[in-house]
Structures are given as structure tokens and as C-alpha cells.
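Take a look at the letters that make up each chain.
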Amino acid sequence: MTATPGILVLAGTPIGDVSDAPPRLAEELAGADVIAAEDTRRLRRLTQALGVTPKGRVVSYFEGNESARTPELVEELVKGARVLLVTDAGMPSVSDPGYRLVAAAVERDVRVTAVPGPSAVLTALALSGLPVDRFCFEGFLPRKAGERLSRLREVAGERRTLVYFEAPHRLDDTLAAMAEVFGADRRAAVCRELTKTYEEVKRGPVGELAEWAAEGVRGEITVVVTGAPERGPEELDAAELVRRVRVREEAGERRKEAIAAVAADAGLPKREVFDAVVAVKNAGGL
């Protein structure tokens, strides 16, 4: 007789204040057959804070062993186990381990559900004071400067609000890169230590935030940046048109395609953008 498949439970954990833990989290921690934790030591502190004694087996599941451990956990699920996945903070698989396990479980027709919980992405977005009706999450930017600039150039024209995670020691470089690619006046918010004792939300033009961050910032960081402005053709001067073409070229597009894309995005004839590029080129600026 074939065993009834188990269930994979993705559980959101507090991003700071442990009292933010949803009531179901304690129930799942107590009742799971297997708990896969990004950091077993942090899991121990969490269960102690919640007054929970897990009955199930606890295993580590982090970036370094995610690929190797996923098949093992899937086999547990196929045999009927209730597997609980928790990360250090927030929702599993959102810039944390989990995606591979979810995909593998779905492939084997295992049910996947979630215990909704705190989210640094949504908390920062709500506190930012920036538009929240449309947004996209970009995770962590590359560590290398060139790759970071290239990634930012890919979304330079994105009109939705952008949300990033960043390490505190790279924050100043990231904000400086954003000022270079997006323009120093692009509005942004740096959200630090959300829900913790020293929570801080610093808002302002990204150029000013880069100067502030150069003095040193500590803690868990989420950066929210407003999308590219929806400006009409009459508001786009030649310098801005050329800047947009340059951004696309640096991202790998050929000049002809970049000019066409900028013209389409701005609602202008290609000839107008082409003429602006030629004028700057003849002046030695492109």
C-alpha cells in the first residue's frame, strides 16, 4: 500500500520582535515530524522564546547544503512526514533557502502550504512612504561593482517601486551606484533593523542617502527605491534621452536598439532621440 504523501509547511518567522510570531508557528514547531532550519541555533532560541519543545527531528537546511539535503527531505515528505521549513527571519524562499525544496515537492505531488508571517519586504515597503500599488523585489545586488551597475542598469527604466536587501558594509556603495544609474534625485528609503529596538527608516534622495551611509550603517538593511518617473515627451530634454541610451548601451544593447527602445518608452520619434545622441557624440560626450 502506497503511503499518503505528507505536507511541506513554509513558516514565516519574526524579522526582529519575537512577539510578532504568528500563533500557528508555535503549533507547527511543536507538531512537525521534521524541522528544516537555516540555523539550528537560532531555531533553538526561537523555540525557547515561544515556550515550545519540538517533537520532531531537527536538521539544518541552508545555502551550503540545500541542494544535497533537498532529496532527503522530499523522500520524508513522500513517506508521509510533515516537514516544517523555517529560515532565520521572514518567509522561506524569499532570498532564503526554500525554492528548491518547494519545486521538488511540487514535482512529486506533495502538498505545500504556509504559515504567513513577518516580511521585511512588505514591512519596508509599507514604511517607506513611496508608492506601493506596484512593486518588484530584486533581492540582493551582486557584490562586484561592475556586475552591480549592470544589474541596476537593467531596471533603470522600471516604473514600479523597487525593493532590495543589502548588507550594511556594502550599503554606501550600493546607494552610490543607484545614484549613478537612477539619478541622485531618485527618492528612496533605507529601512534598518525593522521591528527591533533600534529600528530606523531614513528617507530622501538616493544621492543624499549615499552620503549618509558613507559614515557607516549597522544592522539588517532593506532599501526601497521609487520607480522611474512617468514623464511626458515635453519633459525629456536631450541630456536625459542620451543618458537613457547610454544606460541601455552599457547594459549590452546596440546603439540602434537602444535608441529605438528609448524613443518608444518616451513616446518620441526615433529621429529625435538619434539627433540628440549624434549631437552629444559630435561634442565628444558619447
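It should be noted that the structure appears before, not after, this text.
Worth saying up front: this structure is predicted, and the values here are computed from it rather than measured. (Residues numbered from 1 in each chain as written. Predicted model: local features only at pLDDT ≥ 70, side-chain atom pairs only at ≥ 80, totals over all residues. Heavy atoms only, no water.)

**A look at the overall build of the chain**
Part 1 of the argument: Counting secondary structure elements, the chain contains eleven helices and ten strands.
Part 2 of the argument: On the principal axes, the C-alpha backbone points of the chain span a range of 75 × 45 × 30 Å.
Part 3 of the argument: Residue burial in the chain is summarised as follows: out of 286 residues, 44% are buried.
Part 4 of the argument: Within the chain, residue pairs in contact and separated by at least 24 positions form 71% of the contacts whose partners lie at least 6 positions apart.
Part 5 of the argument: Counting only carbon and sulfur atoms, one obtains 48% of the accessible surface of the chain, whose full area is about 14700 Å².
Part 6 of the argument: Each charge class in the chain was averaged separately, 40 positive and 45 negative side chains, and the resulting centres sit 3 Å apart. (Helix = DSSP H or I, 4+ residues; strand = E, 2+ residues; numbered from the N terminus. Buried < 20%, exposed > 50% of the residue type's maximum accessible area, 1.4 Å probe, protein only. Contact = heavy atoms within 4.5 Å. Areas by Shrake-Rupley, 256 points an atom, 1.4 Å probe, with all protein chains shown as cover. Lys, Arg positive; Asp, Glu negative; His and termini not counted. Charge placed at Lys NZ, Arg CZ, Asp CG, Glu CD.)

**Some thoughts on the environment of Arg41**
Part 1 of the argument: Among the secondary structure elements, Arg41 is positioned in helix 2 (residues 40-50).
Part 2 of the argument: On the basis of relative accessible area, Arg41 is assigned to the exposed category, the value being 54%.
Part 3 of the argument: In this structure the C-alpha to C-alpha distance between Arg41 and Gly117, which are 76 residues apart in sequence, comes to 20 Å.

**Considerations on the packing of aromatic side chains**
Part 1 of the argument: On inspection of all chains with the given rule, the structure shows two aromatic pairs.
Part 2 of the argument: Note on Phe137 and Phe165: the rings are 5.0 Å apart at their centroids and 65 degrees apart in plane angle, and the pair reads as edge-to-face. In this pair, Phe137 sits in strand 6 (residues 135-140) while Phe165 sits in strand 7 (residues 161-166), placing the two residues 28 residues apart along the sequence.
Part 3 of the argument: One aromatic cluster in this structure is built from Phe137, Phe140 and Phe165. (Phe/Tyr/Trp six-rings, centres within 6.5 Å; stacked < 30°, edge-to-face > 60°.)

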